[in-house]
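Now for the letters of each chain:
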Amino acid sequence: MTPDFSMARNEMRRLLSIFAVCLFFTGLAFAEAKHTQDAEGFEPVASDMLQRGESIPASRLIAAAYGFIFVALTVWVGSVAARARRVEEELMALRKKIDPKI
Amino acid sequence: VKRLSPIYLALLFMSTVALLFAPQLIVAAPRESTMGLVQKIFYFHVPSAWLCFLSTFVCASGAAAYLSRESERGERLAASAAELTVLFGLCTLVTGPLWARKAWGTYWQWDVRLTTTLLLWMIFIAYLFARRFGGPGGKKLAAGLAIFGAADVPLIYVSVSIWRTIHPKTTVVPTLQAGMRGPFWLSLLGFSLFYFVLLGMRLRLERARLELEALHLAADDAGLFDGEE
């Protein structure tokens with residue numbers, strides 16, 4: 001028996017309509033904001049926000065930022081590779097169980 | 001092991017070339033007048049944020065397909081993209097404060113852009129938990145969360161224009177100096193191509209899992225697990 005998804009579909013359509021209306025108003029807000037904002041580049045930063053005598057080497061912060069991205073991407077790729085290997089091993093074991101000649 | 005498609009290999013090659021070449025341009029790019037050297041975080045911070053947003057929309061599209069048409073492909077796409085949203089969201093949320101420490105004198109401000117970005121990241125953490133531990137209705141709950149999360153992205157984008165904030169405005173990229181444009185766009189291109197490489201890699205894992213599930217069901221139907229706990 002095929003399940004009846006018509007009610008769920010109607011509800012989904014209603015939800016998507018609400019979402020579209022929200023997006024429309026956000027777009028309007030964005031257009032208005034774009035109209036009023038001044039065309040400036042990077043905001044000037046008051047150097048007195050740092051306490052006197054405090055000095056952070058920028059190179060260390062840049063190295064930390066770039067290093068973090070590199071490590072995060074490497075760890076994620078490693079995790080996907082490890083998960084893929086586990087699934088492959090399980091697949092092989094199951095195939096052998098189904099057909100011992102493999 | 002299944003062979004990689006030529007398109008996938010081409011994407012991998014192009015993104016590698018772009019990401020190897022971009023740091024050289026970033027080093028050679030002029031220093032920003034008020035922030036100096038630390039502004040160079042911008043070249044990786046903005047592409048990370050852009051990919052976080054792109055991934056959110058990819059995830060929400062897959063989730064909408066799953067909720068409206070029960071599309072399993074959509075669900076797998078959403079799950080793969082959600083992990084990348086969390087990954088690039090984390091990169092944005094870590095590199096931003098490192099830049100802010102020098103530029104604003106503090107790592108974090110409960111500024112509207114920072115707060116809404118943190119909220120987006122937390123919504124997608126919730127997505128992963130709901131999908132993994134949500135039980136029978138977990139995938140649907142997660143899909144709803146993904147659509148809800150996507151509505152936060154336009155808000156994040158316009159927040160700097162609507163509310164008072166210390167975060168740089170959206171006019172920064174269109175008004176970049178000539179020497180800064182090249183490294184930025186190359187970095188953005190490299191990251192974007194690499195995003196599709198990562199998405200393809202994650203989708204392969206989902207397909208392998210699907211195959212494993214189908215094989216388990218077939219083995220179960222054939223009575224292969226009879227007598228096993």
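The rules behind each value
- Sequence order as written defines residue numbering, which begins from 1 separately in each chain.
- Each chain is given a letter, starting from A, and each ligand a number, starting from 1, according to the order in which they appear as written.
- Only residues with pLDDT of at least 70 get local features here, since the model is predicted, and only at 80 or more are side-chain atom pairs given and counted; chain-wide, interface and lining totals rely on the full set of residues.
- With hydrogens and water stripped out, all remaining heavy atoms of the structure feed into the side-chain values.
- The term salt bridge refers to a side-chain nitrogen of Lys or Arg lying within 4 Å of a carboxyl oxygen of Asp or Glu.
- Going along the chain from the N terminus, every DSSP run of H or I of four or more residues is numbered as a helix, and every run of E of two or more is numbered as a strand.
- Classification of residues uses two cut-offs on accessible area relative to the type maximum, computed with a 1.4 Å probe and protein chains only: under 20% is buried, over 50% is exposed, and between them is partly exposed.
- Centre distance within 6.5 Å is the pairing criterion for rings of Phe, Tyr and Trp, where only the six-membered ring of Trp is used; planes under 30 degrees apart are then read as stacked, over 60 as edge-to-face, and the remainder as tilted.
- Criterion for a charge above a ring: Arg CZ or Lys NZ at most 6 Å from the ring centre, at most 35 degrees from the ring normal.
- For patch detection, residues must exceed 30% relative accessible area and be free of salt bridges, and they are connected within 9 Å for like charges or within 5 Å for nonpolar side chains (Val, Leu, Ile, Met, Phe, Trp, Tyr).
- The protein chains shown are the only cover counted for residues, whose accessible areas, like all others here, come from Shrake-Rupley with a 1.4 Å probe.
- Cysteine sulfur atoms are paired as a disulfide whenever they come within 2.5 Å of each other.
- Here, expected helix span is obtained from the residue count minus one, scaled by 1.5 Å.
- Working rule for contacts: check all heavy atoms of both residues, and any pair within 4.5 Å makes them a contact.
- Every definition here rests on a 1 Å grid over the protein atoms only: cavities are sets of points where a 1.4 Å probe fits but cannot get out, pockets are open sets enclosed by protein on both sides within 12 Å along at least five of seven lines, and lining residues have some atom within 4 Å of a point.
- Grid points are joined across faces, edges and corners, and a volume is the space filled by probe spheres set on the points.
- Any residue outside Ala, Val, Leu, Ile, Met, Phe, Trp, Tyr, Cys, Pro, Asp, Glu, Lys and Arg is labelled polar, Gly included; the first ten of those are nonpolar and the last four are charged.
- In this description, a line fitted to the C-alpha atoms serves as the axis of each element, helices being fitted only across the stretch in contact, and the angle between N-to-C directions of two axes falls anywhere from 0 to 180 degrees.
- Orientation categories follow fixed angle ranges, with anything under 35 degrees roughly parallel, anything over 145 roughly antiparallel, 65 to 115 roughly perpendicular, and all other angles oblique.
- Less than a right angle of anticlockwise turn of the near helix away from the far helix marks a crossing as left-handed, whereas a clockwise turn marks it as right-handed.

Draft legend 1. Here's a closer look at the pattern of salt bridges. The final tally for this structure, using the stated rule, is nine salt bridges over all chains. Of the charged contacts, one joins Glu 83 of chain B and Arg 202 of chain B as a salt bridge, the two residues approaching to 3.0 Å between their closest N and O atoms. Taken as a pair, Glu 83 of chain B in helix α3 (residues 72-103) and Arg 202 of chain B in helix α7 (residues 178-221) lie far apart in primary sequence, 119 residues in all. Because the salt bridges share partners, they merge into one network encompassing Arg 83 of chain A together with Glu 75, Glu 83, Arg 131, Lys 139, Arg 202, Glu 206 and Arg 209 of chain B.

Draft legend 2. Geometry of the environment of Leu 9 of chain B. Residue and element names in this part refer to chain B. By the secondary structure assignment, Leu 9 is in helix α1 (residues 6-28). With relative accessibility at 42%, the residue Leu 9 sits in the partly exposed group. On a C-alpha basis, the gap between Leu 9 and Glu 75 in space is 25 Å, while along the polypeptide they are 66 residues apart.

Draft legend 3. A look at the packing of aromatic side chains. Evaluation of the coordinates by the stated rule reveals twelve aromatic pairs over all chains. Between Phe 44 of chain B and Phe 191 of chain B the ring centres are 5.1 Å apart and the planes differ by 75 degrees, which places this aromatic pair in the edge-to-face class. One end of the pair, Phe 44 of chain B, is in helix α2 (residues 42-69); the other, Phe 191 of chain B, is in helix α7, and 147 residues separate them in sequence. Residue Phe 44 of chain B shares its accessibility class with Phe 191 of chain B, and that shared class is buried. Of the aromatic side chains, those joined through ring pairs into one cluster are Tyr 66 of chain A together with Phe 44, Phe 88, Phe 191, Tyr 195 and Phe 196 of chain B. When the ring centre of Tyr 107 of chain B is taken as reference, the NZ or CZ atom of Arg 101 of chain B above it lies at 5.4 Å.

Draft legend 4. Spotlight on a nonpolar patch on the surface. Taken together, Phe 70, Val 71 and Val 75 of chain A make up a surface patch of nonpolar side chains, about 320 Å² in accessible area. Its location among the elements puts Phe 70 of chain A in helix α2 (residues 58-98).

Draft legend 5. Structural detail: the state of the cysteines. Residues and elements named next belong to chain B. In the structure shown here, the tally under the stated rule is zero disulfides over all chains. Of all cysteine sulfurs in the structure, the one in Cys 91 sits closest to Cys 52, which takes part in no disulfide; the separation is 9.5 Å. Classification of Cys 52 by relative accessible area gives buried; the value is 4%. Here Cys 59 is not cross-linked by a disulfide; its sulfur's nearest cysteine counterpart is in Cys 52, at 11 Å. Since its relative accessible area comes to 0%, Cys 59 is described here as buried.

Draft legend 6. Unusual backbone geometry, seen in detail. Residue and element names in this part refer to chain B. Unlike most non-glycine residues, Glu 70 shows phi in positive territory, near 55 degrees. Along the chain, Glu 70 turns up in the loop between α2 and α3. For Glu 70, a relative accessible area of 28% puts it in the partly exposed group.

Draft legend 7. Region of the structure containing α1 of chain B. With 23 residues, α1 of chain B extends 33 Å from end C-alpha to end C-alpha; this agrees with the ideal 33 Å at 1.5 Å per step. Among all positions in α1 of chain B, only Tyr 8, Leu 11, Ser 15, Ala 18, Ala 22 and Ile 26 of chain B are buried. Where α1 of chain B is buried, its residues contact α2 of chain A together with α2 and α7 of chain B.

Draft legend 8. How the structure looks around the layout of surface pockets. Looking at the second largest pocket, its volume works out to about 630 Å³. Taken together, 23 residues line the second largest pocket, and the ones lying closest to its centre are Arg 131, Arg 132, Arg 202, Glu 206 and Arg 209 of chain B. At the level of elements, α2 of chain A together with α3, α4 (112-133) and α7 of chain B are the ones that each hand at least two residues to the lining of the second largest pocket. Class assignment for the residues of the lining of the second largest pocket results in nine nonpolar, no polar and 14 charged.

Draft legend 9. Broad picture of the packing of α3 of chain B against α7 of chain B. Residues and elements named next belong to chain B. Remark: α3 packs on α7, axes separated minimally by 9 Å, with the N-to-C direction vectors making an angle of 135 degrees. Taken as axis vectors, α3 and α7 run oblique relative to one another. Crossing hand, α3 versus α7: right-handed. For the pair α3 and α7, the contacting residues are Arg 76, Leu 77, Ser 80, Ala 81, Glu 83, Leu 84 and Phe 88 in the first and Phe 191, Tyr 195, Leu 198, Leu 199, Arg 202, Leu 203, Glu 206, Arg 207 and Leu 210 in the second. For the contact of α3 with α7, the residue count by class is ten nonpolar, one polar and five charged.

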